[in-house]
Amino acid sequence: MSSKTAKRLAVGFVAGFISVFVFSSGAIALYQVAGAPVPFAAWSLAPVPPFGVPQTVSAAFFGGLWGIGYAVVERWLTARLGWLAGGTVYGALPLLALWFLVFPLKGIPVGAGFTAFGLQQGIVLHAAFGLGLAIFFRIFLHFIGRSRGGGSLAAGMGN
């Protein structure tokens, strides 16, 4: 693996991790301010089994893993949809994994029963994650490219 690839993957992880804290938790906070029911608090520190890691940190870790996946497909998505729309659409992948893999493994019905509000909330929260992921990914690539003298990590940033 080249150092450029490793840096892109690392940027993807960091962008996904931070997107959960800023965009996903921010969207949850907006739901709370609006008085809408949400299954958990924004920036929740409630421990998550099996290791007792705070809920938001756990979600951010998985957001980072999804960010690595985004780093792999980002150029393809950007070429077809543009960087902003590509990131927002990418947010649907973790949502689909949540609905069709994670929920059944936890004994929760597929899609949590696909209630109208649950669908809307899931789509909004994951679109916010994807949007934040795309924004942070571009920002971090830009700064890494500048700090390295404008290397190819930031190539294609003018889209």
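Look up a bit, the structure's there.
Presented here is an overview of the structure given in this document. (Residues numbered from 1 in each chain as written. Predicted model: local features only at pLDDT ≥ 70, side-chain atom pairs only at ≥ 80, totals over all residues. Heavy atoms only, no water.)

The next subject is the packing of aromatic side chains. Under the counting rule described, the total for this entry stands at 12 aromatic pairs. Each ring, one from Y31 and one from F117, has its centre 5.9 Å from the other, and the planes form 85°; the classification is edge-to-face. Within this pair, whereas Y31 is found in helix α1 (residues 3-33), its partner F117 is found in helix α5 (residues 116-147), the two being separated by 86 residues in sequence. Feature note: the residues F13, F17, F21, F61 and F62 constitute an aromatic cluster, connected by ring pairs. (Phe/Tyr/Trp six-rings, centres within 6.5 Å; stacked < 30°, edge-to-face > 60°. Helix = DSSP H or I, 4+ residues; strand = E, 2+ residues; numbered from the N terminus.)

Of the volumes computed, that of the largest pocket is approximately 1,300 Å³. If you go around the largest pocket, you meet 42 residues; those closest to its centre are F40, A59, L98, V102 and H126. Those elements that place two or more of their residues in the lining of the largest pocket are α1, α2 (55-81), α4 (92-105) and α5. It is α2 that contributes the most residues to the lining of the largest pocket, 9 residues altogether. Broken down by class, the residue content of the lining of the largest pocket amounts to 28 nonpolar, 13 polar and 1 charged. (1 Å grid on protein atoms, 1.4 Å probe; cavity = no way out; pocket = protein on both sides within 12 Å on 5 of 7 lines; lining within 4 Å. Points joined across faces, edges and corners; volume = space filled by probe spheres on them. Nonpolar A, V, L, I, M, F, W, Y, C, P; charged D, E, K, R; others polar.)

Going through the model one piece at a time under the given rule, you end up with 1 salt bridge. Here E74 and R8 are joined by a salt bridge, their closest N and O atoms 2.6 Å apart. Of this pair, E74 sits in helix α2 while R8 sits in helix α1, and the two are 66 residues apart along the sequence. Look at E74 and you get buried, because its relative accessible area is 8%. Accessibility expressed as a relative area gives 8% for R8, which makes it buried. (Salt bridge = Lys/Arg side-chain N within 4 Å of Asp/Glu carboxyl O. Buried < 20%, exposed > 50% of the residue type's maximum accessible area, 1.4 Å probe, protein only.)

Take helix α3 (residues 83-90) next. Two residues of an α-helix separated by three or four positions point the same way, owing to the 3.6 residues in each turn. Within the span of α3, buried status applies to G86, G87 and Y90. For α3, the buried positions fall inside an angular range of 95° around the axis, keeping them on one side. (Arc of directions from axis to C-beta.)

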